Amino acid sequence: MLKPSASIAAKKMVTELEAAGRTILDFTIGEPDLTTPPHIVEAAISAMRNGDTHYTASAGTPALREAVARKVVREKGLACKAENVVIGCGAKQLIYEAFATTVEAGVEVIVPAPYWVSYPDIVGLQGGCPVIVTAGAEDDFKLTPAALEAAITPATRWLVLNAPNNPTGAFYSREELTALAGVLRRYPHVWIMTDEIYENLFYEGERSPSIVEVAPDLAERSLLISGVSKAYAMTGWRVGYAVGPKPLIDAMTKLLSQSTTCPSSISQAAAVAALDGDQSCIDEATALYRKRRDRMVELLKQAPGLEVRAPSGAFYLYPCVAGLIGKTTPAGKVLKSDTDVALYLLEAANVAVVDGSAYGLSPYIRFSFATGMETIEQGCANVVTACEALFANETRQSATA
């Protein structure tokens, strides 16, 4: 049975609790709290005033497809033409269309865990089988060549790589991608979907490269997914793009022509301004997120029972809560899972997070730091207090035993 997106469901619960009068410190949603930069907004206003308010081609406007191609050439050094680009109503839609075009019953898709919540369900909706491969903390939450090779079968159609990763912020070095490419070369029937929606948000060293940058020979069976939502604070504009071989792009475009027809012409004009315009907004946002990340890490490391590591990219922390499993709350409930921990923090600390089971790897919880510093300060303080209460309760129980 199809489940709602875990992060969207968590946000819905927060909204309902707030409507009921509770003040919730919300770390659930992967959405920048920043506003869209003014020059992008002005481009949309100009488009409306100039009458750019009609249907566009299903693959997107020529202007935006060309802007995406320029970005790929400029930032990744890859050959790319507008014919290799399709625009969708967000990156999620294009992931859906790619799987709808290529996945059917009996087809397998390798999904490293932890994963963004929608990959397995989208595969399942097409009748395919998501093959979950654990990429744990001991491997820095990254897929290893050995694990990849062990998961490939004759039925494998796709490997999904998401870097920087949601929920961990991990991304691959050139050396790590070269090693994965070495495996993939031995299996030419396996295509690679590289979800790079957080590509511009990185905090340590060089940005996360695409696998096709280090292995251009794989480009003819690779699909790059990205968009303007995260880096440019344009979540509500709903513009994503996919870059890949023309036959696949054409097939996805046919599906789009029978579903959404095309993305908003106004949003597409704004996206052109985002990709071709002043990029200092990304540097400013990255500096802000880095400051928030560092502060959240500093504060949550004070919480007993949490194991916290600083992410390299995106805007999430994914602390391990193994140290809290088995603890008894002051209300007498035993925490048996990361879901229990998330519910405890909501009840005891008015803090909303998403449990790691939603991302395929427990026992963890995900915090988003795409929120204001005041929320981070108060929310993390509440988490520390709630965790301390668990250990204090354990001490009291031991003393009276």
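Not measured: the values here are computed from a predicted model.

(A) Quick peek at the environment of Gly182. With respect to the helices and strands, Gly182 occurs in helix α7 (residues 174–184). Exposure remark for Gly182: the relative accessible area of 24% places this residue in the partly exposed category. Taking the C-alpha atoms as reference points, Gly182 and Pro145, separated by 37 residues in sequence, lie 8.2 Å from one another.

(B) Spatial organisation of the packing of helix α12 (residues 338–349) against helix α13 (residues 373–400). Running from N to C, α12 and α13 point in directions that differ by 105°, and their axes come no closer than 10 Å. Judged by the inter-axis angle, α12 sits roughly perpendicular to α13. Contacts from Tyr344, Leu345, Ala348 and Ala349 in α12 reach Asn382, Val383, Ala386, Ala389 and Leu390 in α13. Of the residues contributing to the contact of α12 with α13, the split by class is eight nonpolar, one polar and no charged.

(C) Expanded view of unusual backbone geometry. Cis geometry is adopted by the peptide bond preceding Pro114, which originates at Ala113 and carries an omega value of 10°. Look at Ala233: it is not a glycine, yet its phi comes out positive at around 55°.

(D) Region of the structure containing the sheet that holds strand β8 (residues 240–243). Here we have seven strands laid out as an open sheet, ordered β2-β8-β7-β6-β5-β3-β4, and mixed in their pairing. For this open sheet the edge positions go to β2 (85–88) and β4 (129–134), each flanked by a neighbour on one side alone. The sheet shows a mean angle of 20° between the axes of neighbouring strands, taken without regard to direction. Here strand β7 (residues 222–227) pairs with β8 via four bridges, running antiparallel. Residue Gly227 lies in a different strand from β8, and its bridge partner there is Gly240. The strands touched by helix α9 (residues 246–257) within the sheet are β2, β5 (156–162), β6 (191–195), β7 and β8, with β2 carrying the most contacts at an inclination of about 25°.

(E) Representation of empty space enclosed by the protein. Going through the model one piece at a time under the given rule, you end up with three cavities of 30 Å³ or more. By volume, the largest cavity amounts to about 100 Å³. In terms of lining, the largest cavity is formed by 15 residues, of which the most central are Pro112, Pro114, Asn162, Asn165 and Tyr172. If you list the elements that add at least two residues to the lining of the largest cavity, you get β3 (108–113) and β5. Looking at which element gives the most residues to the lining of the largest cavity, the answer is β5, with three residues.

(F) Fine view of the sheet that holds strand β12 (residues 365–368). Taken in spatial order, the three strands line up as β9-β12-β11 in an open sheet, and their pairing is antiparallel. Two strands bound the open sheet, and with one partner strand each, they are β9 (316–317) and β11 (354–355). As judged from the two bridges shared by β11 and β12, these two strands associate in the antiparallel manner. For Val354, the partnering residue across the bridge sits in β12 and is Arg366.

(G) Region of the structure containing helix α2 (residues 38–49). Between its terminal C-alpha atoms α2 stretches 16 Å, which fits the 16 Å expected from 12 residues at 1.5 Å a residue. For α2, the complete set of buried residues consists of Ile40, Ala43, Ala44 and Ala47. Looking straight down α2, one finds that the buried residues subtend no more than 95° of arc, so they occupy a single side. Facing away from the buried side of α2 by more than 90 degrees, the exposed set consists of Pro38 and Arg49. Turning to α2, the residues buried within the fold contact α10 (265–276).

(H) Fine view of α9. Taking 1.5 Å per residue as the helical rise, α9 with its 12 residues ought to reach 16 Å, and the 16 Å between its terminal C-alpha atoms agrees with that figure. Burial in α9 covers these residues: Leu248, Ile249, Met252, Thr253 and Leu256. Taken down its axis, α9 places every buried residue within 140° of arc, on the same side. Across α9 from its buried face, at more than 90 degrees, point the exposed residues Pro247 and Lys254. Its buried side turned inward, α9 meets β2, α4 (91–102), β5, β6, β7 and β8.

(I) Region of interest: the layout of surface pockets. Considered as a void within the structure, the second largest pocket measures approximately 260 Å³ in volume. Lining the second largest pocket we find 16 residues, and of these Leu78, Ala79, Ala219, Val243 and Gly244 sit closest to its centre. With three residues, the single largest contributor to the lining of the second largest pocket is β7. In terms of residue class, the lining of the second largest pocket is made up of 11 nonpolar, four polar and one charged.

Cut-off values and rules
Residues numbered from 1 in each chain as written. Predicted model: local features only at pLDDT ≥ 70, side-chain atom pairs only at ≥ 80, totals over all residues. Heavy atoms only, no water. Helix = DSSP H or I, 4+ residues; strand = E, 2+ residues; numbered from the N terminus. Buried < 20%, exposed > 50% of the residue type's maximum accessible area, 1.4 Å probe, protein only. Axes fitted to C-alpha atoms, helices over the stretch in contact; angles between N-to-C directions. Parallel < 35°, antiparallel > 145°, perpendicular 65-115°, else oblique. Contact = heavy atoms within 4.5 Å. Nonpolar A, V, L, I, M, F, W, Y, C, P; charged D, E, K, R; others polar. Pairing = 2+ DSSP bridges. 1 Å grid on protein atoms, 1.4 Å probe; cavity = no way out; pocket = protein on both sides within 12 Å on 5 of 7 lines; lining within 4 Å. Points joined across faces, edges and corners; volume = space filled by probe spheres on them. Expected span 1.5 Å × (residues − 1). Arc of directions from axis to C-beta.

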